[in-house]
Amino acid sequence: MVRVIVITSGKGGVGKTTVTANLGMTLARLGAKVALVDADFGLRNLDLLLGLENRVVYTAVEVLAGECRLDQALVRDKRQPNLVLLPATQNRKAEMITPNHMKWMVGELSHQFDFVLIDSPAGIEMGFKNAIAAAQEALVVTTPEISAVRDADRVVGLLEANNIRPAHLIVNRLRPAMVEANDMMSVADVGEILALPLIGIVPEEERVITSTNRGEPLVLDTTKTLAAEAINNIARRIQGEKVDFLNLDVPKEGLFTRFRRLISLK
Amino acid sequence: MFNFLELIRGRDRADSSRQKVKQRLQLVVAYDRVDLSPKALEMMQREILDVISRYVEVDPQGLDFSLESNQRATALIANFPITRIREDEDEEEETAAENVVKP
C-alpha cells in the first residue's frame, strides 16, 4: 500500500526541500521504493539537492503535455536504485498544473512505489494546493522562529480543512544552546502552539551547506552528524518504528552528563 | 526540578526573548485562526457590551477582549468589570463577570 506524504511548511527557507531529499534517500536505503515529486513548479530545487540536475531530461510538464511518458521523466538515482525523482519544470507552463494533474501523476506512481514524497513550494497559493491535492498525510517542517511557526500554523489549518491526516511536525534547525539560554523557542514551545504530534527534531548543522554544495544529501555523508541521525530516525518513525528522540541537551558540566550524551549518540 | 535549576541559574524567564516570542505567537495565531476582521471583532465587542449593559453597569475603562488559543481551539475571552447592577434586575451583587464564548 503506497503512502503519499506531502512535505510542507508555509514559509520558505526552513529546510523543506533538504528534509525531503534526505528523508527520501533514507527511506530508500531502508529498502522502500521511493518517488520524490518536486511540486515547486517554476522554481525547482530538489534536483539540485540530490545532485541530479544534469540528468533531468523531461519534467512533469512534458508528461502532462503528452510529450513523454511518465517513466521517461523519472530520474533514477545512481547511488540508490530505490530512489527516483519526478522533476518540476523550471521555466515553462508552470501555471498549467492543476490539482487533478497532480492526482493523476501520483496515482500513476502509486502502482510502482511504496512512498511518494511531495515537496511542496512555499506559500499557501496554487502551488501549495497542487502539492496537497494528492497527499494522504503531511509532514509540516518549521524552525523555532516566529514567522516560520505562524506560517506553519496556517498550513496546519489548511491541511485540516482538506482532511489530510495524520499531519506530523518536524522542528528543523534547532539550536539547543540557544534554547538553553532562553533565546530560542524549544521544541515543546513550538509543539504547544501548533498542537501537532512531533515526528522529528533536527538540530542546526553546518554540513547541510557543504552537502548541498556537492549535491550529496547529508545522510550519505561518511562523517556522522546529529542532523543525519535525526533524519534517519524520522524515516524509521514514518515506517512505524518506535524510536526515542535524540538527546540534544547541551552538556553543562560533569562527566556523568557527557557520558550519558555519548551513549545516546551511539 | 527544572524550575529549581532555572532558579539557581537565575535566568530571566519572564523577560527572555523565548517567552516573548511565545506570547507574541500565541496571540497572533489565535487571531489568524478565527480569521475575523478587526471591524467584525469591534462590532461583536460593541454588541456584546450592549447586551451586558442592559442588565448591569459596566466600567468602560476596564473592558478587556482577547482571543486565546489552546490545542487549536480558539476562545474569546471577554472581561467586564461590573460597577453596579441595574435596579430593575434583582440579581445578586457581583463585581466582575467573565464570559467565555467557544466557537
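Residues numbered from 1 in each chain as written. Chains lettered and ligands numbered in written order. Predicted model: local features only at pLDDT ≥ 70, side-chain atom pairs only at ≥ 80, totals over all residues. Heavy atoms only, no water.

*Asks:* Kindly report on the overall build of chain B, identifying the contributing residues and their values.
*Replies:* Broken down by element type, chain B carries 3 helices and 4 strands. Each helix and strand of chain B, placed in order from N terminus to C terminus, yields the pattern α-α-α-β-β-β-β. For chain B, buried positions account for 24% of its 103 residues. Taking the contacts inside chain B whose residues are at least 6 apart along the sequence as the reference set, 42% of them involve residues at least 24 apart. As displayed, chain B offers around 7,600 Å² of accessible surface, 50% of which is attributable to carbon and sulfur atoms. (Helix = DSSP H or I, 4+ residues; strand = E, 2+ residues; numbered from the N terminus. Buried < 20%, exposed > 50% of the residue type's maximum accessible area, 1.4 Å probe, protein only. Contact = heavy atoms within 4.5 Å. Areas by Shrake-Rupley, 256 points an atom, 1.4 Å probe, with all protein chains shown as cover.)

*Asks:* Describe the confidence of the model for chain B, naming the residues involved and giving the relevant values.
*Replies:* In the predicted model, chain B carries a mean pLDDT of 77, and 72% of its residues have values of at least 70. Here helix α1 (residues 2–9) of chain B stands out as the element of chain B with the lowest mean pLDDT, 51, in contrast to helix α2 (residues 17–34) of chain B, whose mean of 92 is the highest. (pLDDT = per-residue confidence, 0-100.)

*Asks:* Summarise the sheet that holds strand β7 (residues 167–174) of chain A; cite the residues concerned and give the values.
*Replies:* Backbone-to-backbone hydrogen bonds join strands into a sheet, with any given pair of strands oriented parallel or antiparallel. Residues and elements named next belong to chain A. On the basis of which strands lie adjacent, the open sheet formed by 8 strands has the order β3-β4-β2-β5-β1-β6-β7-β8 and mixed pairing. Across the chains shown, the open sheet's two edge strands, defined by having one partner strand only, are β3 (75–76) and β8 (198–203). With 5 bridges connecting them, β7 and β8 associate as parallel partners. Pairing of L174 across the sheet is with P203, part of β8. Sheet strands in contact with helix α1 (residues 16–29) are β1 (3–8), β2 (34–38), β4 (83–86), β5 (115–119), β6 (137–142) and β7, and its direction is about 170 degrees off that of β5. The sheet strands contacting helix α9 (residues 187–194) are β6, β7 and β8, and the helix crosses β7 at an angle near 145 degrees. (Pairing = 2+ DSSP bridges. Axes fitted to C-alpha atoms, helices over the stretch in contact; angles between N-to-C directions.)

*Asks:* So, the packing of helix α7 (residues 146–161) of chain A against α9 of chain A: which residues are in play, and what are the values?
*Replies:* Residues and elements named next belong to chain A. Running from N to C, α7 and α9 point in directions that differ by 40 degrees, and their axes come no closer than 10 Å. As far as their axial angle goes, α9 and α7 are oblique. When the axes of α7 and α9 are compared, the crossing they make is right-handed. Only V190, I193 and L194 of α9 make contact with α7, whose side of the interface consists of V149, A152, D153 and V156. Classifying every residue of the contact of α7 with α9 by side-chain character gives 6 nonpolar, no polar and 1 charged. (Parallel < 35°, antiparallel > 145°, perpendicular 65-115°, else oblique. Left-handed = near helix turned anticlockwise from the far one by under 90°. Nonpolar A, V, L, I, M, F, W, Y, C, P; charged D, E, K, R; others polar.)

*Asks:* Help me get a handle on the layout of surface pockets, residues and values and all.
*Replies:* Residue and element names in this part refer to chain A. By volume, the second largest pocket is sized at about 470 Å³. Lining the second largest pocket are 27 residues, and of these V14, G15, T18, N172 and R173 lie nearest its centre. Looking at the lining of the second largest pocket, the elements that each hand over two or more residues are α1, β7, β8, α10 (207–214) and α11 (226–238). Among the elements that take part in the lining of the second largest pocket, α1 stands out by supplying 5 residues, more than any other. For the lining of the second largest pocket, the residue count by class is 11 nonpolar, 9 polar and 7 charged. (1 Å grid on protein atoms, 1.4 Å probe; cavity = no way out; pocket = protein on both sides within 12 Å on 5 of 7 lines; lining within 4 Å. Points joined across faces, edges and corners; volume = space filled by probe spheres on them.)

*Asks:* Would you mind going over the interface of chain A and chain B in detail, with residue names and values included?
*Replies:* Facing the 22 residues of chain A at the interface are 18 residues of chain B. Interface of chain A and chain B: buried area, both sides summed, is about 1,900 Å²; carbon and sulfur atoms make up 50% of it. When the buried surface of chain A facing chain B is broken down by residue, I146, N182 and I193 of chain A rank first, second and third, together holding 34% of it. In this structure, the connection of chain A to chain B is made through 7 salt bridges. Notably, a salt bridge pairs R18 of chain B with D189 of chain A, separated by 2.7 Å at the nearest N-O pair. The tally of links between chain A and chain B comes to 13 residue pairs in polar contact (both at pLDDT 80 or more). Split into classes, the residues belonging to the side of chain A that touches chain B amount to 10 nonpolar, 3 polar and 9 charged. (Buried area = accessible area lost by both parts, 1.4 Å probe. Salt bridge = Lys/Arg side-chain N within 4 Å of Asp/Glu carboxyl O. Polar contact = N/O pair within 3.5 Å; in protein donor to acceptor, adjacent residues only side chain to side chain.)

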